[in-house]
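# Coordinate inspection notes
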Amino acid sequence: MSSQPLLRTIKQVLPATPKHWVGDGFHVHPVFASKAFTEELSPFLMFDYAPPTHFPPIKAGKNPRGVGRHPHRGFETVTVAFQGEVEHADSVGNRDVIRAGDVQWMTAGRGIVHEEYHGKEFSEMGGVLEMCQLWVNLPAEKKMTKPGYQAILKGDIPSVEIFGASSEVGECVVQSESIGRVRVIAGSFQGTKGPASTFSPVELWDVILSKSDAVADLPFPEEYSCIVFVRRGKASILGEAGSVYELGPQSVALTERKGGVLRVKAGEDDTSLLVMGGLPLNEPIAARGPFVMNTWDEIAQASRDFYSGNFGS
C-alpha cells in the first residue's frame, strides 16, 4: 500500500509590511522584509508588491511615472502585471510594454542598465496599477552570462484547473468540482510547463481559488524551497498533525523543506496567491544595491565596471 506524500508545514509567517515608494510610480510592500537576500529564500532574493493604486492622468509634457535608468548584475528580475501597464527599456535594445496578465523576465547577467515606467497609454489615460517584481538569483557559474529578456504574454502562460481535495488529515481525496486554476509562469504543475526559461529549477505559479473554504492540494517538489504570498483574500496552509496557519492579505508563508504537497484552504471567494520556490543554490550571497554576487570583491568589481562605463552591453 502506497503512502500519501507528506504535507508542507510552515516555518514562519511574515506579516504584511509597510509600503514605500520606488521612484514615483511604484508604491510597494517589501514582502520578504528582513529575509530578503538570505539563503532561506533561495533561489529567490527580493519581492516587491504594488497593490492596486489609482494614478490620475499625467499632465501634458510630463514624463510617465516610474524609475529611471539604473544598473543590475548577477540575477534576474521578474515583473508581473496584474492591472495597468509597465514599460521597460534597457541598454541592450529591449523595449516592451506589459499589460494585465503579462510577465517580463529580464536576465541582468554580467550587467544591464534599464528603466521601468508606467506605459505611455496608461499614463495618459490614468487608471489602476497593480504589479509585483521578484528578484531571482543566478548560480555563480551563470552570473556573468549575457543579458537577456523574455516577454511572456498572458496568452502564452498556460492555465491548469485545480479541483477540491479533502481537508481531513491524512487524506488526499480529489473532488470533481473545479475550485480555481494555476497559471504556470515558470516550472511545471501537474505536467504543464511554464514558458519562462530559467538558469536553475524555479517554480512560479499565479493561483486563484474561486470559492471560500475550497481546499486545494498543490504538488510541490519536496527538495525545493516553497513560499506562499497572499495577493488578495485570505488563506490557510494545512499541515501535518492538523496544523493550520492563517494568512491575511499581503502576508507570506515560508515552508519547511519537506513534504511533497502544499495544502491550501481559501478564506474568501476569489483568493489570489503567488506560489514560488526552487532548488536552493547553496552559495554565498553578497548583495549591495543593484548588484548580487557571491563575494564582496565581486560587488566592488561590479561597481567599478559600472562607473567606468564597462557595463550594460
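Keep in mind that what you see is a predicted model, and the values were worked out from it rather than measured.

### Things to note about the packing of aromatic side chains
This structure, assessed with the given rule, holds 12 aromatic pairs. A centroid spacing of 6.4 Å and a plane angle of 85 degrees characterise the contact between Phe 220 and Tyr 224, whose relative ring orientation is edge-to-face. Classification of Phe 220 as buried rests on a relative accessible area of 3%. Here the aromatic residues Phe 32, Phe 47, Tyr 49 and Phe 229 are joined through ring pairs into a cluster of three or more. Against the face of Phe 82 rests Arg 231, its NZ or CZ located 3.9 Å from the ring centre.

### Remarks on unusual backbone geometry
Along the chain, Ser 42 connects to Pro 43 via a cis peptide bond; the corresponding omega equals 10 degrees. Structurally, Pro 43 can be placed in the loop between strand E3 (26-30) and strand E4 (44-55). A positive phi angle, close to 50 degrees, is found at Ala 33, a residue other than glycine. Residue position: Ala 33 is located in the loop between E3 and E4.

### What to know about the sheet that holds strand E6 (residues 75-83)
A sheet is described by the order of its strands in space; here 7 strands give the open sequence E2-E3-E4-E11-E6-E9-E12, paired in antiparallel fashion. Edge positions in the sheet fall to strand E2 (20-22) and strand E12 (148-152), since each has one partner strand and no second. Each strand axis lies, on average, 25 degrees off the axis of its neighbour in the sheet, ignoring direction. Across 8 bridges, the pairing between E6 and strand E11 (residues 127-137) is antiparallel. Residue pairing across strands places Glu 76 opposite Val 136, the latter belonging to E11.

What counts, and where the lines are drawn
- Residues numbered from 1 in each chain as written.
- Predicted model: local features only at pLDDT ≥ 70, side-chain atom pairs only at ≥ 80, totals over all residues.
- Heavy atoms only, no water.
- Phe/Tyr/Trp six-rings, centres within 6.5 Å; stacked < 30°, edge-to-face > 60°.
- Buried < 20%, exposed > 50% of the residue type's maximum accessible area, 1.4 Å probe, protein only.
- Lys NZ or Arg CZ within 6 Å of the ring centre and 35° of its normal.
- Helix = DSSP H or I, 4+ residues; strand = E, 2+ residues; numbered from the N terminus.
- Pairing = 2+ DSSP bridges.
- Axes fitted to C-alpha atoms, helices over the stretch in contact; angles between N-to-C directions.

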